Amino acid sequence: MSHHKSGLRVQRAGPLALLQDAGRFGVRRLGVTQGGPADMHAWAWANRLAGNRWGAAALEVTFGGLVLEAERDMRLAVCGADLSATLDKAPLPLWQDIAVRRGQVLRFHQPASGLRAYLAAAGGFQAAPVLGSVACVTREGLGGHDGHGSPLTEGDVLMVSEAASQRANSQHAPEEAIPDYRATPELALIPGAQIAEFDGASLYAAFNRPWHIDDRADRMGVRLCGPALRCRLDRMISEGLGLGAVQVPSDGQPIALLNDRQTIGGYPRLGALAPLACARLAQCMPGDTVTLKPASAEAALAHYRRFIRSLH
């Protein structure tokens, strides 16, 4: 049986720090979205390096600004964006687990590359599940460290389970697993839904022109700015929306839907981004450039399976 102990105390909250496990599933019929890590790739590696099982809760830190004090000795791992993190003012190594002593202070500063960092603690962060998950969805007021969908605030304490064992040596993610967030990503999109209803010029532009990340981007979705895509459909009955669905409203600018998306929508869709493409998109800053590449469902599934195997 695991025992929960005080782990990290918030000295300064920053703009947005949320507790996220794998997500909330089986409840979309109730109009409840899944939540979970916007960048599944970095979240999974942080947990892997901390020695946690798949699905353990980790902290998603967006834009930095977070300051945490360790209330006991523990092992931590930070993956994802380089938010210029420091431990007692010394640079914090990324993509590996590190030993942290009681009283040490972890700070996340300004983004150097990427947008979201993931902090995992050996044993996993603990909170009371809501509808089967601790995933924090602020819009719906569900999950998180307090059960009410609240971002971290000053004075909050993150509880951590006692790790089953403490490794003596640090583990590192392999070099090939560490993305270059400064590079222009090519996002795999599985065609489907209403793609045949878009005219030929629009389909050519969708996959052969660059797209720019709009400043209207959050955990619900990311608007892509570029050539206007035209669809022959005037109206639609709302349909269920999965992770990565790419809707195209009347202005022709696609919206890629992420973890906190609505559960149904009535705009035509080009298709859906593959799960790891969603993860990479979640690290893009406003103004960044991305491209779309058509991919089969079989290829996307094979890529995802290779990712899962790489964690073991």
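Placed above this text is the structure.
Note that the coordinates shown come from a computational prediction; the quantities given were computed from them, not determined experimentally.

A.B. asks: Just checking my understanding: could you explain the sheet that holds strand β15 (residues 221-225) for this structure?
C.D. replies: Working definition: the strands of a sheet are paired by backbone hydrogen bonds and lie parallel or antiparallel to each other. Overall, mixed pairing links the seven strands, which are arranged β13-β20-β17-β18-β15-β14-β21 in a closed barrel. Strand-to-strand twist of the sheet, defined as the mean angle between neighbouring strand axes without regard to direction, takes the value 40°. Sheet topology places β15 next to strand β18 (residues 255-257); three bridges connect them, and they run antiparallel. From the neighbouring strand, Gly221 faces β18, where its bridge partner is Leu257. The sheet strands contacting helix α2 (residues 200-208) are β13 (186-191), β14 (211-217), β20 (269-273) and β21 (289-294), and the helix crosses β21 at an angle near 120°.

A.B. asks: For this particular structure, what's the right way to read the packing of aromatic side chains?
C.D. replies: Centre distance and the angle of the planes are the two values used to describe a pair of aromatic rings. This model, assessed by the stated rule, comprises two aromatic pairs. Centroid distance Trp43 to Trp54: 5.2 Å. Interplanar angle 85°. Geometry classified as edge-to-face. Taken together, the residues span a long stretch of sequence, with Trp43 in helix α1 (residues 40-50) and Trp54 in the loop between α1 and β3 (58-62) at a distance of eleven residues. The exposure class of Trp54 is partly exposed, given its relative accessible area of 41%. Centre to centre, the rings of Tyr304 and Phe307 are 6.2 Å apart; their planes meet at 50°, and the pair counts as tilted. Within this pair, Tyr304 and its partner Phe307 are both found in helix α4 (residues 297-310), separated by three residues, close to a single helical turn.

A.B. asks: What is the right way to look at the state of the cysteines in this model?
C.D. replies: In this structure the tally under the stated criterion is zero disulfides. Here Cys278 stays free of any disulfide, with the sulfur of Cys284 as its closest cysteine sulfur at 11 Å. Assessed through its relative accessible area of 2%, Cys278 is described here as buried.

A.B. asks: Would you take a moment to explain the pairing of β14 for this structure?
C.D. replies: Side-chain direction in a regular strand flips from residue to residue, so the side chains alternate between the two faces of the sheet. Note that β14 and β21 share two bridges and pair antiparallel. Note on β21: the bridge partner recorded for Trp211 is Val290. Bridge analysis of β14 against β15 gives three bridges, and the strand direction is antiparallel. Pairing of Ile213 across the sheet is with Leu224, part of β15.

Analysis parameters
Residues numbered from 1 in each chain as written. Predicted model: local features only at pLDDT ≥ 70, side-chain atom pairs only at ≥ 80, totals over all residues. Heavy atoms only, no water. Pairing = 2+ DSSP bridges. Helix = DSSP H or I, 4+ residues; strand = E, 2+ residues; numbered from the N terminus. Axes fitted to C-alpha atoms, helices over the stretch in contact; angles between N-to-C directions. Contact = heavy atoms within 4.5 Å. Phe/Tyr/Trp six-rings, centres within 6.5 Å; stacked < 30°, edge-to-face > 60°. Buried < 20%, exposed > 50% of the residue type's maximum accessible area, 1.4 Å probe, protein only. Disulfide = S-S within 2.5 Å.

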